[in-house]
Amino acid sequence: EAAAGRDLEQMYVLVCVANMLLGGMSAIVNGPVQALFADSIETGKRSKLYNWLFVCYIVPTLLGPAVSIGYFSTQGDEWRLGLLRNLIMIGMGLEIPVAILLCLFRDD
């Protein structure tokens, strides 16, 4: 039982470290990406494209909880580590297309 408690503590620390890394990455990447985006748009077209950018932020904010609700509806409303791990992996999998699109961005 003590070993299980240590394992849970180690997992918690890993999740905290992962969140810190994600926050650091977001701080480093978002600034330059926003600046590149702004510099790539003609002045008269910025309003429309910033509107689309806002929509691109809002849709995942709504989609994440919807996916979670659907997942727990089908898998049972239990907060077991295995189920939570799978849900986190689904969320991480949904990040892959976004990362690919970001890598394909060209400022021509």
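What counts as what
Residues numbered from 1 in each chain as written. Predicted model: local features only at pLDDT ≥ 70, side-chain atom pairs only at ≥ 80, totals over all residues. Heavy atoms only, no water. Axes fitted to C-alpha atoms, helices over the stretch in contact; angles between N-to-C directions. Helix = DSSP H or I, 4+ residues; strand = E, 2+ residues; numbered from the N terminus. Contact = heavy atoms within 4.5 Å. Nonpolar A, V, L, I, M, F, W, Y, C, P; charged D, E, K, R; others polar. Phe/Tyr/Trp six-rings, centres within 6.5 Å; stacked < 30°, edge-to-face > 60°. Buried < 20%, exposed > 50% of the residue type's maximum accessible area, 1.4 Å probe, protein only. Salt bridge = Lys/Arg side-chain N within 4 Å of Asp/Glu carboxyl O.

Student: It is not clear to me how the packing of helix H1 (residues 2-39) against helix H2 (residues 46-75) should be interpreted in this structure. Could you clarify?
Tutor: Any two packed helices are characterised by the angle at which their axes cross and by the distance between the axes. With their axes 11 Å apart at the nearest point, H1 and H2 run at an angle of 150° to one another. Counted together, Gln34, Phe37 and Ala38 of H1 and Arg46, Leu49, Tyr50, Leu53 and Tyr57 of H2 form the full contact between these two elements. In terms of residue class, the contact of H1 with H2 is built from 6 nonpolar, 1 polar and 1 charged.

Student: Sorry if this is basic, but what is going on with the packing of aromatic side chains here?
Tutor: Aromatic rings in a pair are described by how distant their centres are and how their planes are angled relative to each other. The final tally for this structure, using the stated rule, is 3 aromatic pairs. Measuring from centroid to centroid gives 5.3 Å for phenylalanine 37 and tyrosine 50, while their planes differ by 85°, and the two rings are edge-to-face. Of this pair, phenylalanine 37 sits in helix H1 while tyrosine 50 sits in helix H2, and the two are 13 residues apart along the sequence. The class for tyrosine 50 is partly exposed, based on a relative accessible area of 31%. Between the aromatic rings of tyrosine 71 and phenylalanine 72, the centroid separation amounts to 5.6 Å while the plane-to-plane angle is 75°, which identifies the pairing as edge-to-face. Residue classification places phenylalanine 72 among the buried positions, given a relative accessible area of 13%.

Student: Is there a simple way to explain the pattern of salt bridges in this structure?
Tutor: Between side chains of opposite charge, pairing is possible as soon as their charged atoms come close. Summed over the entire model, instances satisfying the criterion amount to 2 salt bridges. Between lysine 45 and glutamate 42 there is a salt bridge, and its shortest N-O distance comes to 4.0 Å. For arginine 80, the salt bridge goes to glutamate 78, with nearest N and O atoms at 2.9 Å. You can call arginine 80 partly exposed: its relative accessible area is 45%. According to the relative accessible area criterion, glutamate 78 is partly exposed, its value standing at 43%.

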